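Fold and contact review
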Amino acid sequence: MNLKGLLNSTTIADRILLFILILLSLSGIIFIKEVLPKGHIVWIEVNGHPVYLLPIEKDRIVSVNGSEGNTIVEIKNHKVRITESPCDNKLCIQQGWIEKGSIVCLPNRVVVIVGTPEDELNKRVDAITG
Amino acid sequence: MKNKFNVHPPQRTKFNVLIFIFLLFTVHYSLFTLYGCASQKENVYRKSKILMDTLVTITVVSSSKDSAEKAIDTAFSEIEKLEKLFNFFSPESELSLINKNAGISEVKVSQDTLDILDKTLYVSEKTEGAFDATIGPVITLYDFYKKVKPEDSSIKKKLSLVNYRYLMIDRNKSTAFLKKRGMHIDLGGISKGYAADKAVETLKRNRIHSGLVSVAGDIKAFGLKPDGRPWKIGIRNPRAKGQEDDIMATIELTDTAISTSGDYERSFINDGKRYHHLLNPRTGYPAEGCQSVSIITKECAFTDAFATGIFILGPEKGIKTLEKMGFDGVIVDSQGKVHTTPHIRGKVEFKRSS
Amino acid sequence: MQSQDKYRIALLSAYALALHGFESLLPTPIPWLRLGLANIITLTTLILYGIRAALMVTLIRVVLASLFTGTFLGPAFILSLGGGVISTLSMGIVSSLMPRLFGPVGLSLIGALFHNSAQLFLAYVIFIQRIEAILFISPVIIFLGTLTGSVNGIVSDMLIKNLKKADEKIQN
């Protein structure tokens, strides 16, 4: 079996078809890789359990039942904030609107993360100290 | 001749067919393994939970989602167990029992409590008392949420109760005892790191060979990421502006822990002076001389405790102590100047100040 | 159909079944994705004996394989049948409409493409009613199908040449 024999046994149409199929499928793979992760998701977790997975494109207000009471999370114009919280220090409310990253309310055990799971994992750093 | 001709070719055909089948399987099998590698590759799984009054994030590398999540949940429950033992505010914790019986009687404690107390005493000795877990009575005078600075006289009164030498532990009887009435141990400066160590042990016992545990800023990394690289840790800029995570340097770690103590964590500003939670056990006031201290060594209990201790010792004495211990460290002094131990140069990548 | 052809169809079906069985022994990362080794036999049959014989071989293989593994009329059978029939038909139609345009490699590529497309469609209808998941996976599967398809085509080509050679020698 040699390469020349192999080339001779294929027609021009065979080779064009092979080329087109590889080109189309590879560009499809690249296209999907490029397009898919952009849809940001708002994850809301209570005590480590996800309670909401919301698209950031859609404006809405949700109430999350944490360990001390209800935390109100607002999604608007591709941004997220906590508007009401039963906690004492209200640090989560002070953090204001976020487009990326997370808001953590320690007393009420509520974590709001914006991004895709891939985003979270492909961050520049794996963890931050300090 | 003709007869021979009739016999031979079909045999050769059989031989050729065998070669085809062999070729077919080699080619297909190599394609298949390639594909198999691509889809059964190891993935990174991450889960966060609020424990020990902070955000605990565990990241593991595994080829199965189920075993990854199971290992993470087991590690979370290990931290929960430690949280129950070391909680300063819970009256049932072993720590509270020791505190309640200060100056009264010895208290029988579990192996974990004994271990962590042993480690606090070790760090206290090595830092000449700069790290001191018996700082409890003084630290309770400060309220960092309400931004209350205590009276000088009340600090002075409580300062006589701060001395790690009054904490006695007996390994044979598994007991701990505080000699003076009114003494308090606060394990806040070491328990997060200790918990990270224990969580990593738990993950390893659950056959996870690579991962990252971060209990707030106390981080322990082991193994490598699926791309074969070590874990990349960012060190927070102590004078960050805004809410974004502002990083001053990054370092790649494996089978190592890192912790950072900073004057920005729990702090308030009163009359232009910054009051933070890293109190000097000699004076009862926040230590001056550093903005942040990051320590790197194998055990996270030590990085956690030494970060506090070295912060209180200050940059010059701190670097000397680290060199003596064989630990690595990055210190930002009060002027914003960066000091490092010699070994770490080249391993830490500093970002240009923006 | 001559009795010799019947004998050949039976033999080819047996080969196809053996390859099909061998392939199912290999652990696959995605349950309904196959290397399509049996397609070598289908394609060879198609070129040597025509579309009717090829369809016959495919049907015999799919039905017998599912009977052996106990998945007859189950979801896996429907996927296997749909993929097999569509891919055989597509190769047959292309080769009868444009007989000289494509060689075995080209036909094998067409077969692989239609096999995968049919299975993706059926998987969407039967199992995964999430179009984004199907869209996400399609290019990858079609790419891998193109690779395995071209290898299968080359093997079929060699098989056909050798069978023809052997045939000529025997007839001489």
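Everything quoted here is computed from the prediction, not taken from an experiment.

1. Considerations on the overall build of chain B
The number of helices and strands found in chain B is nine helices and 16 strands. Relative to its 354 residues, chain B shows a buried fraction of 53%. Accessible area for chain B stands at about 17,600 Å²; split by element, carbon and sulfur atoms hold 51% of it.

2. Considerations on the interface of chain A and chain B
With 24 residues of chain A in contact, the opposing surface of chain B contributes 32 residues. Of the roughly 2,300 Å² buried between chain A and chain B on both sides combined, carbon and sulfur atoms contribute 57%. Per-residue buried area on chain A facing chain B is highest for D126, I128 and T129 of chain A; these three make up 30% of the total on that side. The residue D126 of chain A makes a salt bridge to K225 of chain B at a minimum N-O spacing of 3.1 Å. Joining chain A to chain B, the criterion identifies eight residue pairs in polar contact (both at pLDDT 80 or more). Every element with two or more residues in the side of chain A that touches chain B is listed here: α3 (91–94), β6 (101–105), β7 (110–115), α4 (117–121) and β8 (127–129) of chain A. The element best represented in the side of chain A that touches chain B is β8 of chain A, accounting for three residues. The residue makeup of the side of chain A that touches chain B, split by class, is eleven nonpolar, seven polar and six charged.

3. Re the sheet that holds strand β9 (residues 247–253) of chain B
An order of β8(A)-β8(B)-β9(B)-β16(B) is seen for the four strands of this open sheet, with the pairing classed as mixed. For this open sheet the edge positions go to β8 of chain A together with β16 (348–350) of chain B, each flanked by a neighbour on one side alone. Strand-to-strand twist of the sheet, defined as the mean angle between neighbouring strand axes without regard to direction, takes the value 30°. Strand direction decides the pairing type here: β9 of chain B and β16 of chain B, joined by three bridges, are antiparallel. Opposite T250 of chain B, over in β16 of chain B, you have E349 of chain B as the bridge partner.

4. Some thoughts on the packing of aromatic side chains
Residue and element names in this part refer to chain B. Counted under the stated rule, the structure contains six aromatic pairs over all chains. When the ring of F88 is compared with that of F89, the centres are 5.4 Å apart and the planes differ by 80°; the resulting orientation is edge-to-face. We classify F89 as exposed; its relative accessible area is 68%. With centroids separated by 5.5 Å and ring planes inclined at 20°, the aromatic side chains of F268 and Y275 adopt a geometry described as stacked.

5. Let's talk about the nonpolar core
Residues and elements named next belong to chain B. The biggest cluster of nonpolar side chains holds 69 residues, and the ones touching the most others in it are I58, I185, L187 and L203. Domain assignment of the residues forming this core places at least three in each of domain 1 (2–63 + 207–350) and domain 2 (86–189). Excluding its chain neighbours within four sequence positions, the residues that come into contact with L203 are I58, V60, A71, I72, A75, I208, V213 and F222.

6. Let's talk about the packing of helix α8 (residues 300–313) of chain B against helix α9 (residues 315–325) of chain B
Residue and element names in this part refer to chain B. Put simply, α8 and α9 touch, their axes get as near as 7 Å, and they point 140° apart. One finds that α8 runs oblique with respect to α9. Side by side, α8 and α9 meet where F306, I310 and L313 of the first sit next to K317, G318, T321, L322 and M325 of the second. For the contact of α8 with α9, the class distribution of residues is five nonpolar, two polar and one charged.

7. A short note on the confidence of the model for chain B
All names here are of chain B. Here chain B averages 86 in pLDDT, and 86% of its residues register 70 or above. Across residues 1–10, confidence stays below pLDDT 50; counting only partners more than four residues off in sequence or on other chains, it has three contacts. Both scores are available for the predicted complex, with the pTM at 0.60 and the ipTM at 0.82.

8. Looking at α8 of chain B
Three- or four-residue spacings in an α-helix give side chains the same orientation, since the helix completes a turn every 3.6 residues. Residues and elements named next belong to chain B. With 14 residues, α8 should reach 20 Å at 1.5 Å per residue; the first-to-last C-alpha distance of 19 Å fits that figure. The element α8 is largely enclosed, with a buried count of 14 among its 14 residues. Of the residues one or two after α8, G314 is the one with positive phi, at around 95°.

9. With respect to unusual backbone geometry
Glycine aside, residues mostly have negative phi angles, and peptide bonds mostly take the trans form. Residues and elements named next belong to chain B. With phi around 55°, D53 is a residue other than glycine that occupies positive phi space. Among the secondary structure elements, D53 is positioned in the loop between β1 (43–51) and β2 (54–62). Of note in the backbone geometry, R207 takes a positive phi value of approximately 60° without being a glycine. Following the sequence through the fold, R207 ends up in the loop between α7 (191–205) and β6 (211–215).

10. Concerning the packing of helix α2 (residues 65–86) of chain B against α7 of chain B
Residue and element names in this part refer to chain B. Packing of α2 against α7 brings their axes to within 9 Å, and their N-to-C directions diverge by 145°. Relative to α7, α2 is oriented so that their crossing is right-handed. Residues A71, I72, T74, A75, E78, I79, L82 and F86 of α2 form the contact with α7, whose own contacting residues are S191, Y194, A195, K198, A199, T202 and L203. Here the residues of the contact of α2 with α7 sort into ten nonpolar, three polar and two charged.

11. What about the sheet that holds strand β5 (residues 175–178) of chain B?
Residues and elements named next belong to chain B. Taken together, the three strands give an open sheet; going across it, the order is β3-β5-β4, and neighbouring strands pair in antiparallel fashion. The open sheet terminates on both sides in strands that have one partner only, identified here as β3 (107–108) and β4 (167–170). Sheet analysis places β3 next to β5, joined by two bridges and oriented antiparallel. Across the sheet, V107 pairs through a bridge with A176, a residue of β5. In this fold helix α4 (residues 111–126) packs onto β4 and β5, with an angle of close to 130° to the strand it touches most, β4.

12. Considering the environment of T42 of chain C
Residues and elements named next belong to chain C. Following the sequence through the fold, T42 ends up in helix α2 (residues 38–49). Between the C-alpha atoms of T42 and L55, which are 13 residues apart in sequence, the distance is 7.8 Å. Contact partners of T42, with chain neighbours within four places excluded, come to A54, T58, T88 and M91.

13. Quick look at a nonpolar patch on the surface
Residues and elements named next belong to chain C. Together, M56, I60, L64, L67, F68, F72 and L73 give the surface a local cluster of nonpolar side chains, amounting to about 660 Å² of exposed area. Mapped onto the elements, L64 comes out in helix α3 (residues 51–69). Accessibility expressed as a relative area gives 33% for L64, which makes it partly exposed.

14. Observations regarding the interface of chain A and chain C
In this complex, chain A contributes 17 residues to the contact, which on the side of chain C involves 22 residues. When the two sides are added together, the surface that chain A and chain C hide from each other amounts to roughly 1,600 Å², 83% of it contributed by carbon and sulfur. Summed over the shared surface of chain A and chain C, the result is three residue pairs in polar contact (both at pLDDT 80 or more). When grouped by side-chain class, the residues that make up the side of chain A that touches chain C number eleven nonpolar, five polar and one charged.

15. Let's talk about the pairing of β9 of chain B
Residue and element names in this part refer to chain B. Of all seven residues in β9, six are buried; the element is thus mostly enclosed. Note that strand β8 (residues 231–236) and β9 share six bridges and pair antiparallel. By the bridge assignment, I233 is partnered in β9 with I251.

What counts as what
- Residues numbered from 1 in each chain as written.
- Chains lettered and ligands numbered in written order.
- Predicted model: local features only at pLDDT ≥ 70, side-chain atom pairs only at ≥ 80, totals over all residues.
- Heavy atoms only, no water.
- Helix = DSSP H or I, 4+ residues; strand = E, 2+ residues; numbered from the N terminus.
- Buried < 20%, exposed > 50% of the residue type's maximum accessible area, 1.4 Å probe, protein only.
- Areas by Shrake-Rupley, 256 points an atom, 1.4 Å probe, with all protein chains shown as cover.
- Contact = heavy atoms within 4.5 Å.
- Buried area = accessible area lost by both parts, 1.4 Å probe.
- Salt bridge = Lys/Arg side-chain N within 4 Å of Asp/Glu carboxyl O.
- Polar contact = N/O pair within 3.5 Å; in protein donor to acceptor, adjacent residues only side chain to side chain.
- Nonpolar A, V, L, I, M, F, W, Y, C, P; charged D, E, K, R; others polar.
- Pairing = 2+ DSSP bridges.
- Axes fitted to C-alpha atoms, helices over the stretch in contact; angles between N-to-C directions.
- Phe/Tyr/Trp six-rings, centres within 6.5 Å; stacked < 30°, edge-to-face > 60°.
- Core = buried A, V, L, I, M, F, W, Y, C linked by side-chain atoms within 4.5 Å.
- Domains from an automatic or database assignment.
- Parallel < 35°, antiparallel > 145°, perpendicular 65-115°, else oblique.
- pLDDT = per-residue confidence, 0-100.
- Expected span 1.5 Å × (residues − 1).
- Left-handed = near helix turned anticlockwise from the far one by under 90°.
- Patch = residues over 30% accessible without salt bridge, like charges linked within 9 Å, V, L, I, M, F, W, Y side chains within 5 Å.

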